[in-house]
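# Summary of the model geometry
Okay, here's what each chain looks like letter by letter:
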Amino acid sequence: MRALCWEGVNDVRVQDVPDPRILNDGDLILKVRLSTACGSDLHLLTGHIPFMQAGDVIGHEFMGEVVEVGPDVTRHKPGDRVVVASFIGCGQCYYCRNDLWSLCDNTNTNPGITQALWGADPGGIFGYSHAMGGFKGSHAEYVRVPFADHNAIPIPDAVDDLSAVFASDSAPTGWMGADLGGVRPGDVVAVWGSGAVGQMAARSAQLLGAERVVVVDRFDYRLRQAENVFGVETLNYEHVDIGAALREMTGGRGPDVCIEAVGCEAHSYGPQHAYDQVKSKLKLETDRPIAVREAIHNCRKGGTVFVLGVFSGVVDKFPLGAVMNKGLTLRAAQQHGQRYIPMLLDRMASGELTTTHLATHVLPLEEGARGYQLFKDKQDDCVRAVFRP
Amino acid sequence: MNTTMRAIAVTGVGAAVAVGRRMTARRRELHRDRSDHWLAVTIDRSMDAVTGPARLPGPMGELGGRVEVRFRPAPGGRGTEVLAAPQDDDVSREDLRVALRKTKSLLETGTVIRPDTPPTTHPGPAGKVLRLVVGKSAREGRL
């Protein structure tokens, strides 16, 4: 089959790879209909996450049609249209049973790497390096889905493919940030990042009752999209002093909940940006936590900061003093998609949650490399490149 | 080199050697201490479900009397803690760790998830190095 493979730093190519097959009785084989690039893939492309082999199939946010099921699969049959959570849960360990699916105990086949890095191994994920299980990704004609009864979720007829693909990761990740960030009616919520996950976090905050939602970014076209589609307020940090603006908007308090949806390659400007660039180039820090610092600094006393962006290692100048002295709650997680996806699909069906605008570029899989170029370099107002194998 | 410089150099080298020896001794002590600890895993199933059958399933059952195994209920109703230590020089802590992990998966899910194969068709030199790391990663680490 054809698949988009990581071939080296900033080098992805569509190639022939072996077809997937049923390896465990609970597996299914999915014919991929849509699979979208995700901002976290860029950390693989740029080599920030160094556990890739040439020939690895990337992609983890996808939907499609079931073509084959293992003998233990009871909830799906060939022909079903499903969306698949990007993190693989077994559904039966302590973490899955407590709706903390990305922390699954039983799905990372290479646990030693992340145990050494982080002290414990999270669950496996499709197409996201050998540190996360080495599972083949979804930018392919077919993909194997383990523990399919738990990880593949039927799509209601009222939800079209292009809406549903974002229920795989962007929408549940964004919802999780607002939900576990504790957004309540009347809150002011600030979101750093107006990509797909940031926009989903902003919309989720609205749906959970936030009175004001402010999105921060530097790309006007993305901020305009968030404004136009969801009616949020926006701030461009290249033109506005974010701290002063947020204090003015919140009567001097600061936002109740700050959601970081940027990740380990955050951009900034001035001395802070230069400092982090030098430190990361010298490998003295692995990640650039600029948006996290800003979120912590600007959050109101006693507020909550939720880190949604992907980080891999260690950071420098982490403002622990602000966290402690302002009494902040700091939370973070990879997405617990299975917990939210059915509810989000219902909201998509009812029209509450719009996602198709995120798919600014729908391309054949054969144009995968071009899609990532558009996405990475923010060319042609790209928000997401979505591939159709 | 004058006498003062020579004295500083000798002192510096001596200090570095002393620090290095101390660090090495500390590492050895930690390694010995680590080997003294039991390996442990928590299975999200009741004591009855874990200890009911005549022996543990899968790799732990196959190890049989070559390992000593203890059970205790996890606090807060979080299942059963299984602790194990090799009783036979042929059983490494790494093998035991893998056995515990697979047995936990068998008891919780009825299976052990298999990695996608082949991992890639053309890993390249860097990928081959990574394969060595990955091969080792299944064996070492924390439970």
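Below is a short write-up of the structure.

Basis of the calculations
Residues numbered from 1 in each chain as written. Chains lettered and ligands numbered in written order. Predicted model: local features only at pLDDT ≥ 70, side-chain atom pairs only at ≥ 80, totals over all residues. Helix = DSSP H or I, 4+ residues; strand = E, 2+ residues; numbered from the N terminus. Buried ≥ 20, exposed ≤ 12 C-beta atoms within 10 Å, placed from the backbone. Contact = placed C-beta atoms within 7 Å. Axes fitted to C-alpha atoms, helices over the stretch in contact; angles between N-to-C directions. Parallel < 35°, antiparallel > 145°, perpendicular 65-115°, else oblique. Left-handed = near helix turned anticlockwise from the far one by under 90°. Nonpolar A, V, L, I, M, F, W, Y, C, P; charged D, E, K, R; others polar. Expected span 1.5 Å × (residues − 1). Pairing = 2+ DSSP bridges. Right-handed = clockwise from strand over helix to strand, strands pointing away. Core = buried A, V, L, I, M, F, W, Y, C linked by C-beta atoms within 7 Å.

Moving on, we get to the overall build of chain B. Each helix and strand in chain B was counted, giving five helices and three strands. Starting at the N terminus, the α and β elements of chain B follow one another as α-β-α-α-β-β-α-α. Scored against the burial criterion, the 143 residues of chain B give a buried share of 22%. In chain B, the proportion of contacts linking residues at least 24 apart, taken out of those at least 6 apart, comes to 69%.

Quick look at the overall build of chain A now. If you tally the helices and strands in chain A, you get 14 helices and 18 strands. Judged by the C-alpha coordinates and their principal axes, chain A covers about 60 × 50 × 45 Å. Relative to its 389 residues, chain A shows a buried fraction of 57%. Long-range pairs, those at least 24 residues apart, make up 72% of the contacts in chain A with a sequence separation of at least 6.

All names here are of chain A. Between helix 6 (residues 170–180) and helix 7 (residues 196–207), the shortest axis-to-axis distance is 7 Å and the interhelical angle comes to 50°. Of the possible angle classes, the one that applies to helix 6 and helix 7 is oblique. Relative to helix 7, the crossing made by helix 6 is right-handed. Of helix 7, the residues touching helix 6 (which contributes Ser 170, Ala 171, Thr 173, Gly 174, Trp 175, Gly 177 and Ala 178) are Ala 196, Val 197, Met 200, Ala 201, Arg 203, Ser 204 and Ala 205. Residue composition of the contact of helix 6 with helix 7, by class: eight nonpolar, five polar and one charged.

What follows covers helix 13 (residues 337–350) of chain A. Residue and element names in this part refer to chain A. With 14 residues, helix 13 extends 20 Å from end C-alpha to end C-alpha; this agrees with the ideal 20 Å at 1.5 Å per step. Burial in helix 13 covers these residues: Gly 337, Gln 338, Arg 339, Tyr 340, Ile 341, Leu 344, Leu 345, Arg 347 and Met 348. Elements in contact with the buried residues of helix 13: strand 6 (81–84), strand 7 (87–88), helix 4 (148–151), strand 10 (152–154), helix 5 (161–164) and helix 6. Phi turns positive one or two residues past the end of helix 13, at Gly 351, with a value near 90°.

With that settled, the discussion passes to the sheet that holds strand 4 (residues 56–57) of chain A. Residue and element names in this part refer to chain A. One open sheet accounts for three strands, arranged 2-1-4; its pairing is antiparallel. Single-partner strands in this sheet number two, and they are strand 2 (11–16) and strand 4. Here strand 1 (residues 2–8) runs beside strand 4; their pairing, made up of two bridges, is antiparallel. Within strand 4, the position partnered with Cys 5 by the bridge is Val 57. Helix 14 (residues 368–376) rests against strand 1 and strand 2 of the sheet, and its axis sits at about 160° to strand 2.

Let us now look at the pairing of strand 15 (residues 304–307) of chain A. Moving residue by residue along a regular strand, the side chains alternate between the two faces of the sheet. Residues and elements named next belong to chain A. Residues of strand 15 alternate between two faces, with Thr 304 and Phe 306 on one and Val 305 and Val 307 on the opposite face, all of them buried. When strand 14 (residues 257–260) meets strand 15, the two strands line up parallel, connected through four bridges. Of the residues in strand 15, the one forming a bridge with Glu 260 is Val 307. Each parallel crossover has a hand, and for strand 15 linked through helix 12 (residues 320–325) to strand 16 (residues 329–332) it is right-handed.

Of the residues lining the interface, 29 residues belong to chain B; the matching set on chain A comes to 35 residues. Looking at the side of chain B that touches chain A, the element that brings in the most residues is helix 5 (residues 124–137) of chain B, giving seven residues. Looking at the side of chain B that touches chain A residue by residue, the class counts come to nine nonpolar, 11 polar and nine charged.

Next up on the list: the sheet that holds strand 1 (residues 39–43) of chain B. All names here are of chain B. If you trace the three strands from one edge of the open sheet to the other, you get 1-3-2, paired in antiparallel fashion. Both edges of this open sheet fall to strand 1 and strand 2 (67–73), since each of them pairs with a single strand only. Sheet twist, expressed as the average angle between the axes of neighbouring strands with direction ignored, equals 20°. By the bridge criterion, five bridges tie strand 1 to strand 3 (residues 80–86) in an arrangement that is antiparallel. Looking at the pairing, Thr 42 lines up with Glu 81 of strand 3. Lying on the sheet, helix 4 (residues 93–109) is in contact with strand 1, strand 2 and strand 3; it crosses strand 1 at an angle near 5°.

Residue and element names in this part refer to chain A. The backbone phi angle of Ser 129 is positive, close to 85°, even though this residue is not glycine. With respect to the helices and strands, the residue Ser 129 is situated in the loop between strand 8 (124–125) and strand 9 (142–145). Of note in the backbone geometry, Phe 147 takes a positive phi value of approximately 40° without being a glycine. Topologically, Phe 147 is positioned in the loop between strand 9 and helix 4. On the basis of neighbour counts, which here come to 27 C-beta atoms within 10 Å, the residue Phe 147 falls in the buried class.

Attention now moves to the nonpolar core. Formed by 121 residues in total, the largest nonpolar core has its most connected members in Val83(A), Val189(A), Val191(A), Ala201(A) and Ile259(A). With six residues, helix 7 of chain A is the largest single contributor of residues to this core. Other than its neighbours up to four places away in sequence, Ala201(A) contacts Gly174(A), Gly177(A), Ala178(A), Val191(A), Ile259(A), Ala261(A) and Leu308(A). Ile43(B), Val69(B), Leu96(B) and Leu107(B) belong to the second-largest nonpolar core, a separate cluster that totals 13 residues.

The next subject is the pairing of strand 6 of chain A. Residue and element names in this part refer to chain A. Taken together, the four bridges between strand 5 (residues 61–69) and strand 6 define a ladder with antiparallel strand orientation. When the sheet's bridge partners are listed, Gly 64 is paired in strand 6 with Val 82. As paired strands, strand 6 and strand 10 are joined by three bridges and run antiparallel to one another. Looking at strand 10, one finds that Val 83 is bridged to Ile 153.

Now for the environment of Gly77(B). Relative to the assigned elements, Gly77(B) resides in the loop between strand 2 and strand 3. Residues Gly77(B) and Arg45(B), spaced 32 residues apart in sequence, show a C-alpha to C-alpha distance of 9.1 Å.

What follows is about the environment of Val214(A). Residue and element names in this part refer to chain A. Tracing the backbone through its elements, the reader meets Val 214 in strand 12 (residues 212–217). Sequence separation between Val 214 and Met 249 is 35 residues; the distance between their C-alpha atoms is 9.3 Å. Contact partners of Val 214, with chain neighbours within four places excluded, come to Ala 190, Val 232, Glu 233, Leu 235, Leu 246 and Met 249.

Turning next to the environment of Asp241(A). Residues and elements named next belong to chain A. Along the chain, the position of Asp 241 falls in the loop between strand 13 (233–236) and helix 9 (242–249). According to the C-beta neighbour criterion, Asp 241 is exposed, with 11 such atoms within 10 Å. Put simply, Asp 241 and Gly 251 are 10 residues apart on the chain and 16 Å apart in space, counted from C-alpha to C-alpha.

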